[in-house]
Amino acid sequence: MKSLLIRNIKLLAGTHGADVQLVRGADMKVLPSVDDAYLLVEDGIIKAFGSNTDTPERADETIDAKGGMVLPAWCDSHTHLVFAAPREKEFVDKINGLTYEQIAQRGGGILNSAKALANTSEEELFDSAWHRLMEIQSQGTGAVEIKSGYGLSYEGELKMLRVISKLKEKSKLTIKATFLGAHAFPTEYKQDHEGYLALLLNKLLPQIAYEGLADFIDAFCETGYFSVDETKRIIEAGAKYNLPAKIHVNQFNITGGVQACTTLGARSVDHLEVLDDNDIAALKNSNTMPVALPGCSMFIRIPYTPARTIIDNGLPLAIASDFNPGTCPTGNMNMILSLACINLRMLPEEAINAATINGAYAMDVADTLGSISIGKKANLIITKPVPSLAYLPYAYGSNNIERVVIS
Ligand code: NIG
Ligand code: FE
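Just so we're clear, the structure is a prediction, and the values are computed from it rather than from any experiment.

### So, the packing of aromatic side chains
Part 1: Going through the model one piece at a time under the given rule, you end up with ten aromatic pairs.
Part 2: Where Y189 meets Y196, the ring centres are 5.3 Å apart and the plane angle is 45°; that geometry is what we call tilted.
Part 3: Its relative accessible area of 22% is what places Y189 among the partly exposed residues.
Part 4: Plain terms: the ring middles of F220 and Y225 are 4.3 Å apart, the flat faces sit at 40° to each other, and that makes the pair tilted. As far as burial versus exposure is concerned, F220 and Y225 are alike and both buried.

### Some words on helix α1 (residues 88–95)
Part 1: Restricting attention to buried positions, one finds in α1 the residues E90, D93 and K94. Buried residues of α1, seen end-on, are gathered within an arc of 100° and therefore sit on one face of the element. Those residues of α1 that are exposed and angled more than 90 degrees off the buried face are E88, K89 and I95.
Part 2: On its buried face, α1 is in contact with α2 (100–105), α3 (109–118) and α10 (294–300).
Part 3: A positive backbone phi angle near 115° is found at G97, which sits one or two residues after α1.

### Description of the side chain of Q139
Part 1: In this fold, Q139 is placed in the loop between α4 (122–138) and β7 (141–147).
Part 2: Judged by its relative accessible area of 16%, Q139 is buried.
Part 3: Q139 has contacts with W74, G331, N332, N334 and I401, leaving out every residue within four places of it along the chain.

### Describing unusual backbone geometry
Part 1: At N242, a position not held by glycine, the phi torsion is positive, near 65°.
Part 2: Following the sequence through the fold, N242 ends up in the loop between α7 (228–240) and β10 (246–249).
Part 3: Despite not being glycine, R345 has its phi angle at roughly 55°, a positive value.
Part 4: Within the secondary structure, R345 sits in the loop between α12 (333–343) and α13 (348–355).

### Details of the site of ligand 1
Part 1: Around ligand 1, the surrounding shell holds 15 residues, and the nearest of these are Y100, Y150, Q251, D322 and T327.
Part 2: For ligand 1, an oxygen atom lies 2.7 Å from a polar atom in the side chain of T327.
Part 3: Relative to its free-state accessible area of 320 Å², ligand 1 is covered by the protein chains to the extent of 100%.
Part 4: Its residues assigned to classes, the shell around ligand 1 shows four nonpolar, nine polar and two charged.

### Some words on the coordination of the iron ion (ligand 2)
Six octahedral donors at a metal ideally form angles of 90 or 180 degrees, and four tetrahedral donors ideally form angles of 109.5 degrees.
Part 1: Surrounding the iron ion (ligand 2) are the protein donor atoms H78 (NE2), H80 (NE2), H248 (NE2) and D322 (OD), which sit 2.1 to 2.2 Å from the metal.
Part 2: In primary sequence terms, the donor set of the iron ion (ligand 2) follows H-x1-H-x167-H-x73-D. Taken together, the residues H78 in the loop between β6 (74–76) and α1 and H248 in strand β10 connect sequence positions 170 residues apart. With respect to burial, H78 and H248 carry one shared label: buried.

### Remarks on the pairing of strand β5 (residues 69–72)
Part 1: Here β5 shows no split at all, with M69 and L71 on one side and V70 and P72 on the other all buried.
Part 2: Bridge count for strand β1 (residues 3–13) against β5 is two bridges, and the pairing is parallel. Paired with L11 across the bridge in β5 is M69.

### Side note on the domain arrangement of the chain
Part 1: In terms of domains, the chain is made up of domain 1 (3–72 + 369–405) and domain 2 (75–362).
Part 2: In total, about 2,300 Å² of surface goes out of reach between domain 1 and domain 2, with carbon and sulfur atoms giving 69% of it.
Part 3: Here domain 1 and domain 2 share zero salt bridges between them.
Part 4: Counting across the interface, domain 1 meets domain 2 through nine residue pairs in polar contact (both at pLDDT 80 or more).
Part 5: Breaking the side of domain 1 that touches domain 2 down by element, the ones donating at least two residues are β5, α15 (391–394) and β15 (401–405).
Part 6: Across the side of domain 1 that touches domain 2, the residue classes tally to 17 nonpolar, six polar and five charged.

Reading guide: rules and limits
- Residues numbered from 1 in each chain as written.
- Chains lettered and ligands numbered in written order.
- Predicted model: local features only at pLDDT ≥ 70, side-chain atom pairs only at ≥ 80, totals over all residues.
- Heavy atoms only, no water.
- Phe/Tyr/Trp six-rings, centres within 6.5 Å; stacked < 30°, edge-to-face > 60°.
- Buried < 20%, exposed > 50% of the residue type's maximum accessible area, 1.4 Å probe, protein only.
- Helix = DSSP H or I, 4+ residues; strand = E, 2+ residues; numbered from the N terminus.
- Arc of directions from axis to C-beta.
- Contact = heavy atoms within 4.5 Å.
- Near = heavy atom within 4 Å.
- Polar contact = N/O pair within 3.5 Å; in protein donor to acceptor, adjacent residues only side chain to side chain.
- Areas by Shrake-Rupley, 256 points an atom, 1.4 Å probe, with all protein chains shown as cover.
- Nonpolar A, V, L, I, M, F, W, Y, C, P; charged D, E, K, R; others polar.
- Donors = N, O, S within 2.8 Å, 3.2 Å for Na, K, Ca; no water.
- Pairing = 2+ DSSP bridges.
- Domains from an automatic or database assignment.
- Buried area = accessible area lost by both parts, 1.4 Å probe.
- Salt bridge = Lys/Arg side-chain N within 4 Å of Asp/Glu carboxyl O.

This is the structure in structure tokens:
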């Protein structure tokens, strides 16, 4: 047994009960915490915490937090961090006035990333993804979901998922893999949706399940991408292989996709930049986590998810980075936290709950991560000495993290 003691913690934040799976509505602004605390970890698991005055005498290793705060590491439930190449040329095109949709129509966007991925080896893909993974770990991410979706072919999708599998093996972070073959229709299938769905659902899915390469299934449910009916078929096919759904929906248009997702028991619905009363009603009657991606809204200049409407209707909300080369080229969750406070008008406590326990729920790891609870994994952020919790999202752009502990 190996023990780690963290002492002199000014605020130990996010001490939800071990059985709390998510927080919703008015409860989101409550972030249970202990002032002037210690935290004891044994073999990577949170063993005890409490007031400084009760700090245990010794442990195998001791960290003096020196008045910094300790929080659960970020749980980033939506990323596309395996990709072949950045797309800064499209960034400039957008500055010059083109929209995300116009760029996609010209063969840019997702198809552009798919072309680059086809010409990149599994080793090269792994190396660049590993670099990004280590970067987000240093920025406080302790659990991350990673999607395929730039393969868009039998070989390409398997290549991406195998890279994610290797990341899982080599990294100490908790990683969940999502099969997003339904990210866009490849050019050769533009007029043959049935052909592409057959490839995804009859050929790829069984192989992915056989190799155990995915934990979830996803689709881009949007006008010009996958229709609500196609999305339903994808969710149902995933369910047969025990892959719950996490769906890109309501990014640009309200299509009824949210209702389809909640009815079919999706784990999360992500984006929701546009949302109506029917969507809110559907979410209220479900166990589906709404996920906002404010980094994407900022980067491609589209509306922000109406977080206040969601939370003030008593619903839970998670925030995630959407780290990808087209719509959010950063996985820095500290930045996402600031954007949630500034543009989604979430209180710092709400944003931290959204980025920890609710993010954990959105990728089904809330049993082991997302809060400082006895029995959970000790994936932790130790901050520099900061004046208050609100200072973290307030001082955006500063690095307030002193150290990240993984297990
Ligand atoms: O979540 N909207 C769909 N998928 C990604 C963007 C992918 C890309 O542009 O490469 C997103 O924003
Ligand atoms: Fe995404």
